[in-house]
Amino acid sequence: MAERRRLVILNALPLNSIPLTHFCVDVKRIDTDFLRHLAKEAKSINAEIANYIRHEATVKLLNQLLNLSLEPSSGLYQWREGDRIVVITLKKPIRGQEVSEVKPEDLDIFHVYVSEVCY
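This structure is a prediction, so every number in the text was calculated from the model and none was measured. (Residues numbered from 1 in each chain as written. Predicted model: local features only at pLDDT ≥ 70, side-chain atom pairs only at ≥ 80, totals over all residues. Heavy atoms only, no water.)

*Asks:* Looking at this structure, how should I read unusual backbone geometry?
*Replies:* Phi is positive for Asn46, which is not a glycine, with a value near 60°. Along the polypeptide, Asn46 turns up in the loop between α1 (32-44) and β3 (48-51). Residue Asn46 is classed as exposed on the basis of its relative accessible area, which comes to 56%. At Asn67, a residue that is not glycine, the phi angle is positive and equals roughly 55°. By secondary structure assignment, the location of Asn67 is in the loop between α2 (56-66) and β4 (84-90). Overall, the relative accessible area of 63% leaves Asn67 in the exposed class. (Helix = DSSP H or I, 4+ residues; strand = E, 2+ residues; numbered from the N terminus. Buried < 20%, exposed > 50% of the residue type's maximum accessible area, 1.4 Å probe, protein only.)

Written out as structure tokens, the structure is:
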């Protein structure tokens, strides 16, 4: 039985979370409109939306942008076949300081596709 599809939201891609011996990763920068599209698509097929971002201000902004109710999470991500991965980072993080307000223009957003087959 196939596992349920997931839209996974990460702040970085931990390569050790991918249990494959050989794999390819394709990364494309996307905008907030495409991110909204991915979230809408996930909701339409009743896919799980799994958040692994613990930064509260970023999660708050994602909830506003995507009409979700995500909670900050410090869980460890483990890749599953079929995962749609989005990596969301701050363009200019400030080391040692907590950024309390985040705007859409502060984000870098990437769509990541993991495959056992390299083209």
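*Asks:* Help me understand the environment of Arg54 in this model?
*Replies:* Along the chain, Arg54 falls in the loop between β3 and α2. Overall, the relative accessible area of 64% leaves Arg54 in the exposed class. For the pair formed by Arg54 and Leu68, sequence separation is 14 residues and the distance between their alpha carbons is 15 Å. If near-sequence neighbours (up to four positions away) are discounted, Arg54 is found in contact with Pro72, Ser73 and Ser74. (Contact = heavy atoms within 4.5 Å.)

*Asks:* Is there a simple way to think about α2 in this case?
*Replies:* What sets the pattern is the α-helix's 3.6 residues per turn: residues three or four places apart point alike. Of all 11 residues in α2, 8 are buried, a share of seventy percent or more. Lining the buried residues of α2 we find β1 (6-10), α1, β3, β4 and β5 (107-115). Two residues or fewer after α2 comes Asn67, characterised by a positive phi angle close to 55°.

*Asks:* How should I be thinking about the pattern of salt bridges in this particular structure?
*Replies:* Where charged atoms of side chains with opposite charge meet at close range, the side chains can pair. Evaluated as defined, the whole model comprises 5 salt bridges. The partner of Asp83 in a salt bridge is Arg6, and the shortest N-O contact between them spans 2.8 Å. Separated by 77 residues along the polypeptide, Asp83 in the loop between α2 and β4 and Arg6 in strand β1 bring together distant segments of the chain. Residue Arg6 is classed as buried on the basis of its relative accessible area of 6%. Across the pair Arg84 and Glu41 runs a salt bridge whose closest N-O atoms are separated by 2.5 Å. Taken together, the positions of Arg84 in strand β4 and Glu41 in helix α1 put the pair 43 residues apart, joining distant regions of the chain. (Salt bridge = Lys/Arg side-chain N within 4 Å of Asp/Glu carboxyl O.)

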